[in-house]
Amino acid sequence: MAIFCKHLSAIRDVVPSAPGCEECLKSGDPWLHLRVCRTCGHVGCCDQSPNRHATKHFHATRHPIIEAFDPPEGWGWCYVDEVMFHLSGRQTPHLEPIPRFY
C-alpha cells in the first residue's frame, strides 16, 4: 500500500538542536521519548511526555515531519497528513549521549 503524504519531499537532513528535549532541558522536566523536526532540527518530547513539546513545535511552526529520535526507531510522522512512514537510511544521527531522567 502506498503512503500518501505530500510532505515527504520536504524531509531535510538536520542537525539536532539539543541532546534532549530542548525545552525540558531548560526547565528541568523529564520526557519519555524524543522527536526531531525534519525541517529545522528542533528536538522535542513526544505526546506521551508531560509537556508534548514536539507537537507544540509543530503548532507553532507548521513544520510537518518529525522523526522518532530516541529511541531511534527508523520511522517518521507527518502531522498534516497523519501518516507514519519508514526513514530507512535517512535517520538523524545522535551527536552526543542523550540525558536520561528515568
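As a starting point, this report considers the structure included with it. All values reported here derive from a predicted model rather than from experimental measurement.

1. Examining the overall build of the protein
- When helices and strands are tallied, the protein shows two helices and five strands.
- For the protein, whose C-alpha radius of gyration is 13 Å, the value lies close to the compact-globule estimate of 13 Å for 102 residues.
- Across its three principal directions, the C-alpha atoms of the protein cover 40 × 25 × 20 Å.
- In the protein, which comprises 102 residues, the proportion classed as buried is 46%.
- In the protein, the proportion of contacts linking residues at least 24 apart, taken out of those at least 6 apart, comes to 52%.

2. Re the pattern of salt bridges
- For the structure on display, the rule yields six salt bridges.
- The residue K6 makes a salt bridge to D81 at a minimum N-O spacing of 3.4 Å. Of the two residues, K6 is situated in the segment before helix 1 (22-27) and D81 in the loop between strand 4 (75-78) and strand 5 (83-86); the sequence distance between them amounts to 75 residues.
- Where salt bridges share partners, they join D13, R38, E67 and R90 into one cluster.

3. Side note on the environment of V36
- In this structure, V36 sits in strand 1 (residues 34-37).
- In this structure the C-alpha to C-alpha distance between V36 and T92, which are 56 residues apart in sequence, comes to 8.1 Å.
- Discounting residues that sit within four places of it in the chain, V36 has contacts with V14, G41, H42, V43, I65, I66, E67, F69 and T92.

4. Quick look at the packing of aromatic side chains
- In the structure shown here, the tally under the stated rule is one aromatic pair.
- When the centroid spacing of 4.5 Å and the interplanar angle of 15° are considered together, the rings of F58 and Y79 count as stacked. Of this pair, F58 sits in helix 2 (residues 53-61) while Y79 sits in the loop between strand 4 and strand 5, and the two are 21 residues apart along the sequence.

5. Some words on the nonpolar core
- V14, C21, C24, W31, L34, V36, V43, C45, F69 and I98 form the largest nonpolar core, which has 10 residues in total.
- At the level of elements, strand 1 and strand 2 (43-45) are the ones that each hand at least two residues to this core.
- Residues contacting C21, with those up to four places away along its chain left out, are W31, L34, V43, G44, C45 and H53.
- Of all hydrophobic cores here, the second largest spans seven residues; its members include I65, C78, F85 and L87.

6. Quick word on unusual backbone geometry
- Cis geometry marks the peptide bond from D70 to P71; its omega dihedral reads 0°.
- Mapped onto the elements of the fold, P71 is located in the loop between strand 3 (65-70) and strand 4.
- One non-glycine residue, R62, lies in positive phi territory at about 65°.
- With respect to the helices, strands and loops of the structure, R62 is situated in the loop between helix 2 and strand 3.

Procedures and definitions
- Residues numbered from 1 in each chain as written.
- Predicted model: local features only at pLDDT ≥ 70, side-chain atom pairs only at ≥ 80, totals over all residues.
- Heavy atoms only, no water.
- Helix = DSSP H or I, 4+ residues; strand = E, 2+ residues; numbered from the N terminus.
- Rg over C-alpha atoms; globule rule 2.2 N^0.38 Å.
- Buried < 20%, exposed > 50% of the residue type's maximum accessible area, 1.4 Å probe, protein only.
- Contact = heavy atoms within 4.5 Å.
- Salt bridge = Lys/Arg side-chain N within 4 Å of Asp/Glu carboxyl O.
- Phe/Tyr/Trp six-rings, centres within 6.5 Å; stacked < 30°, edge-to-face > 60°.
- Core = buried A, V, L, I, M, F, W, Y, C linked by side-chain atoms within 4.5 Å.

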